[in-house]
Amino acid sequence: MPYGLEVIMNQVSQYLDQKGVAYHVLQHAPAFTAQQVAQAAHIHGVKLAKSVLVEADGILMLVVIPACHHLILGALEHELGLSHIDLATEQQLDKHFFQFQEGAAPPLSGLYGIPVYMAQILRDQDEIIFNAGRHDELIKMAMQDYMDLEKPLVVATATSPMGMTPPRMSHRVRRFI
């Protein structure tokens, strides 16, 4: 059963407060996709982070990418030397993100016990803004504070801007085609 909205924000706030991290809560009109959130909050899509849960070689990973980008599974698989990667199933999402509104999970691996990876283009920002577990609130914090808190592995080839066709990956020969 989903948590109430106040409980969701309290869980995220308690986690950040316990870790001694400075942050701001930003409110916006309810929005459901990452691009809609960026528009509602008047934030450029490269500054807004979205969480993508994947299963890689049987292990769940949280990948944090800009809202205006697509995750390129084949490129991530190649960069990390994995043999198989795919988006998490609905059951996996429900199990790990049950306490948040669907599609609004914050990229806080400490809440889930899942390793976190971050796109380099997002890492290059001075601050990070992400869903606070709800469709109407965001968390804004210094990127260095986020890096110190979550310690994500930064990946270079995992994203492509929306509207661009990402490179296809041949899984047999492991090269871009």
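Residues numbered from 1 in each chain as written. Predicted model: local features only at pLDDT ≥ 70, side-chain atom pairs only at ≥ 80, totals over all residues. Heavy atoms only, no water.

### Comments concerning the nonpolar core
Thought 1: Among the nonpolar cores identified, the biggest contains 30 residues, and Leu16, Leu108, Ile128, Met141 and Tyr146 are the most heavily contacted of them.
Thought 2: Here this core takes 4 residues from helix α6 (residues 143-150), the largest share from any one element.
Thought 3: Sequence-distant contacts of leucine 108, that is, excluding residues within four places in its chain, are made with Val12, Tyr15, Leu16, Leu62, Phe130, Tyr146, Leu149 and Glu150.
Thought 4: Core analysis: the second largest hydrophobic core is formed by 13 residues, Val54, Met61, Ile85 and Tyr117 among them. (Core = buried A, V, L, I, M, F, W, Y, C linked by side-chain atoms within 4.5 Å. Buried < 20%, exposed > 50% of the residue type's maximum accessible area, 1.4 Å probe, protein only. Helix = DSSP H or I, 4+ residues; strand = E, 2+ residues; numbered from the N terminus. Contact = heavy atoms within 4.5 Å.)

### Regarding the packing of aromatic side chains
Thought 1: This model, assessed by the stated rule, comprises 3 aromatic pairs.
Thought 2: Relative to tyrosine 112, the ring of phenylalanine 97 has its centre 4.6 Å away and its plane inclined at 75°; by these criteria the two rings are edge-to-face. Taken as a pair, phenylalanine 97 in helix α4 (residues 90-97) and tyrosine 112 in the loop between α4 and β6 (116-119) lie far apart in primary sequence, 15 residues in all.
Thought 3: Plain terms: the ring middles of phenylalanine 130 and tyrosine 146 are 6.2 Å apart, the flat faces sit at 55° to each other, and that makes the pair tilted. Taken together, the positions of phenylalanine 130 in strand β7 (residues 127-131) and tyrosine 146 in helix α6 put the pair 16 residues apart, joining distant regions of the chain. For the residue pair phenylalanine 130 and tyrosine 146, the accessibility class agrees, reading buried in each case. (Phe/Tyr/Trp six-rings, centres within 6.5 Å; stacked < 30°, edge-to-face > 60°.)

### Notes on the pattern of salt bridges
Thought 1: Under the defined criterion, the tally for this structure stands at 3 salt bridges.
Thought 2: Note that arginine 134 is salt-bridged to aspartate 136, the shortest N-O span being 2.9 Å. Considered together, arginine 134 and aspartate 136 belong to a single accessibility category, that of buried residues.
Thought 3: Notably, a salt bridge pairs arginine 134 with glutamate 137, separated by 3.8 Å at the nearest N-O pair. (Salt bridge = Lys/Arg side-chain N within 4 Å of Asp/Glu carboxyl O.)

### With respect to the pairing of β7
Thought 1: Burial within β7 is extensive, with 4 of its 5 residues counted as buried.
Thought 2: Both strand β2 (residues 48-56) and β7 contribute to a ladder of 2 bridges, which runs parallel. Along β7, the bridge assignment pairs leucine 48 with isoleucine 129.
Thought 3: The pairing of β7 with strand β8 (residues 137-142) spans 5 bridges and is classified as antiparallel. Each bridged residue has a counterpart across the sheet, and for isoleucine 128 the counterpart in β8 is methionine 141.
Thought 4: Linking β7 back to β8 in an antiparallel pair, the connection comprises 5 residues, with glycine 133 at a positive phi of about 95°. (Pairing = 2+ DSSP bridges.)

### Looking at unusual backbone geometry
Thought 1: Of note, the phi angle at histidine 42 is positive, near 60°, even though the residue is not glycine.
Thought 2: Mapped onto the fold, histidine 42 is located in the loop between α2 (34-41) and β2.
Thought 3: The phi torsion at aspartate 57 lies on the positive side, around 50°, for a residue other than glycine.
Thought 4: Examined against the element boundaries, aspartate 57 turns out to sit in the loop between β2 and β3 (59-66).

### Some points on the pairing of β3
Thought 1: Burial within β3 is extensive, with 7 of its 8 residues counted as buried.
Thought 2: Across 8 bridges, the pairing between β2 and β3 is antiparallel. Along β3, the bridge assignment pairs serine 51 with valine 64.
Thought 3: Relative to β6, β3 runs parallel, the two being bridged by 3 bridges. Of the residues in β6, the one forming a bridge with leucine 62 is valine 116.

### Describing α2
Thought 1: Every buried residue of α2 is accounted for by Ala34, Val37 and Ala38. Buried positions in α2, seen along its axis, are confined to an arc of 100° and lie on one side of it.
Thought 2: In this structure, the buried side of α2 is in contact with β2, β7 and β8.
Thought 3: Backbone geometry just after α2 places histidine 42 at a positive phi near 60°. (Arc of directions from axis to C-beta.)

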